[in-house]
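Breakdown of the fold
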Protein chains: 2
Amino acid sequence: MAAGIALADRDGIESISMRKLAQELGVEAMSIYTHVRNKDDLLDGMVDAVIGQIPTTADGAGGADGADGADSAADADWATTLRQMALAARAVILTHPWAPPVIESRTAPGPATLRHIDAVLSVLRKGGFTVAQTHHALHILGSRLLGFTQDLFDDSAGSSGALDPETAAGIVSELGATLPYIAEMALAVTHQGALGGCDDDAEFQFALDFILDGLAGLQNR
Amino acid sequence: MAAGIALADRDGIESISMRKLAQELGVEAMSIYTHVRNKDDLLDGMVDAVIGQIPTTADGAGGADGADGADSAADADWATTLRQMALAARAVILTHPWAPPVIESRTAPGPATLRHIDAVLSVLRKGGFTVAQTHHALHILGSRLLGFTQDLFDDSAGSSGALDPETAAGIVSELGATLPYIAEMALAVTHQGALGGCDDDAEFQFALDFILDGLAGLQNR
DNA sequence: ACCTGAACACCGTTCAAGT
DNA sequence: ACCTGAACACCGTTCAAGT
């Protein structure tokens, strides 16, 4: 599993084949089948190993479970804990950029993934959410709990990629006729970030905080 | 493109190969390369054709652009319009269950996708959002604008799949030891839906409304 | 239990050739 | 412009065989 992760980190996910991984391990392709049912099983294992790298915030609990802390102290802190967990997950996932698409294509979660989700649920339940509210929160947070969002705009005209002001202006005037609002946003985003495109880290945190704020409101209904 | 979509609808995405698609078209595999640069280009085209199937809500504008409607009327309705657009997108996407993972794996949006995003931006801007707020909203909404979320829990113990009460109870007691909160949620979800698992449509709408509510708050800051 | 090597049924894509 | 057929360099996975 570790060899597979290292290979994907180095050469990208498309270079993960039984033959290439075997070569990396100094072994024949078929030997891998002793340890893994098939290629899908290999990917399952790699994904679960990656998620297992996310540090566990001490059972994922909300702080004071022991001595002096009143329940209300723990209650107030579920958002902070969740935020830390999501950012910790993101730090890990950024190390394995091939992982998000592979995670999304898995059909069943592995043991490390289940443990991680259980830790998240623990924080919400101890934070005062009902079971039903916790269920909704899980759907709302989605892949953000694992530290990523699948943005549809990676290469999109208005998102990433630095441009010099002149070519940017050219593109925008071309675009403006058919896609005026994309053009407008592309221009704004290009200017704002010192021509650096959009800051994915900042957007991730903004969206995460947006959701955590909303969840706080969910509780009091 | 249409043949590719039809084949994927019928036999699943893993059965999309140049050779099989060619056979479906009564032609040799290499003939397809006259119309498409390579397989990735084929998938790009299929995805963009699917997104092109989402009905356009009359320029995606916020209702009254003509006679009597004051601007404030249009302003109040951006959330309703966005909601309709997302549900329309979802109706289309449910027809092509292979599409979400393929959409997520695209690196650049096609023309139909760009038009759709532009329509969404139009609604937000006309609804009174600043360019910066609109940009944030796009990141927050993510793939929900295209009618799907990549849930991590498709097969997960507590999500889908109907179980009879006895086996459910058995699984829960096994699970309870190591994954108490997943067990708790699995049990609750199984009971609530007449043993039917979790209602993805309802969860999608709940999460969508949750976000739209939050965006309304974003405006007044 | 773990590894090997040959083989099978596939892939995407090239190239030269046809109409 | 569009299609063909052979070929190349790969795949995942089987099976029988070894240690």
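These notes cover the structure that comes with them. (Residues numbered from 1 in each chain as written. Chains lettered and ligands numbered in written order. Predicted model: local features only at pLDDT ≥ 70, side-chain atom pairs only at ≥ 80, totals over all residues. Heavy atoms only, no water.)

Close to DNA strand C lie 16 residues, the nearest being Glu28, Ser31 and His35 of chain A together with Arg19 and Met30 of chain B. In this structure, a phosphate oxygen belonging to DNA strand C sits 2.7 Å away from a side-chain N or O atom of serine 31 of chain A. Here a base nitrogen of DNA strand C and a side-chain polar atom of arginine 19 of chain B are 2.6 Å apart. No other element matches the three residues that helix H2 (residues 18-24) of chain B contributes to the surface near DNA strand C. Looking at the surface near DNA strand C residue by residue, the class counts come to six nonpolar, five polar and five charged. (Near = heavy atom within 4 Å. Polar contact = N/O pair within 3.5 Å; in protein donor to acceptor, adjacent residues only side chain to side chain. Helix = DSSP H or I, 4+ residues; strand = E, 2+ residues; numbered from the N terminus. Nonpolar A, V, L, I, M, F, W, Y, C, P; charged D, E, K, R; others polar.)

Attention shifts here to helix H1 (residues 2-11) of chain A. Residues and elements named next belong to chain A. Considered for burial, the residues of H1 that qualify are Gly4, Ile5, Leu7 and Ala8. Projected onto a plane normal to the axis of H1, the buried residues spread over an arc of 165° and lie on a single side. Away from the buried face of H1 by more than 90 degrees, exposed residues Ala2 and Arg10 are located. Packed against the buried residues of H1 are helix H2 (18-24) and helix H3 (39-52). (Buried < 20%, exposed > 50% of the residue type's maximum accessible area, 1.4 Å probe, protein only. Arc of directions from axis to C-beta. Contact = heavy atoms within 4.5 Å.)

Turning next to the environment of leucine 175 of chain B. Positionally, leucine 175 of chain B belongs in helix H9 (residues 165-176). For leucine 175 of chain B, a relative accessible area of 18% translates into the label buried.

Tallied over the entire structure, the rule returns 14 salt bridges over all chains. Between arginine 106 of chain A and aspartate 44 of chain A there is a salt bridge, with the nearest N and O atoms lying 3.0 Å from each other. Taken together, the residues span a long stretch of sequence, with arginine 106 of chain A in the loop between helix H6 (99-105) and helix H7 (111-126) and aspartate 44 of chain A in helix H3 at a distance of 62 residues. The shortest N-O distance in the salt bridge between aspartate 40 of chain B and arginine 106 of chain B comes to 3.5 Å. (Salt bridge = Lys/Arg side-chain N within 4 Å of Asp/Glu carboxyl O.)

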